[in-house]
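# Per-entry structural report
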Amino acid sequence: AVQLVESGGGTVQAGESLRLSCIGSGYYGSRYCMGWFRQTPEKEREAVASICPGGGSTYYADSVKGRFTVSQDNRKTTLYLQMTSLKPEDTAMYYCATDEYLGWVPVSPSDFHYWGQGTQVTVSS
């Protein structure tokens, strides 16, 4: 079965950086898209960044463009999110997701059927 495990979250001050990792297993990475989502008690789960099938196509939310960078390993089963210039509003639970590549970059949570458990990112001011 497909499994995803996130790591790298933590507490940092505004302006600092973090790199999140998502290790996937149970699928052929070259045929799957992967994405990062975040959620807070006040906001619905929203797309942060997606990449597929192997870096050829990407999506970034307007709120993170220029600050976050999504990437994958050579097998396309590990997903990274390099976050710089972090802001308090970036505080959220960050989730990794994956699904089959159908020719476009999916950005809706409903487009992804496999999810990790999440990793908490807290940015203090």
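Attention here is on the structure that accompanies the text. Fair warning: this is a prediction, and the values are worked out from it, not measured in the lab.

### Describing the pattern of salt bridges
Using the criterion set out here, one finds five salt bridges in the structure. With its nearest N and O atoms 2.9 Å apart, the salt bridge here joins R38 to E46. Judged by relative accessible area, which is 7%, R38 ranks as buried. A salt bridge links D62 to K65, with the nearest nitrogen and oxygen atoms 3.2 Å apart. We classify D62 as exposed; its relative accessible area is 66%. Connected through shared salt-bridge partners, R38, K43, E46, R67 and D90 make up one network.

Conventions and cut-offs
Residues numbered from 1 in each chain as written. Predicted model: local features only at pLDDT ≥ 70, side-chain atom pairs only at ≥ 80, totals over all residues. Heavy atoms only, no water. Salt bridge = Lys/Arg side-chain N within 4 Å of Asp/Glu carboxyl O. Buried < 20%, exposed > 50% of the residue type's maximum accessible area, 1.4 Å probe, protein only.

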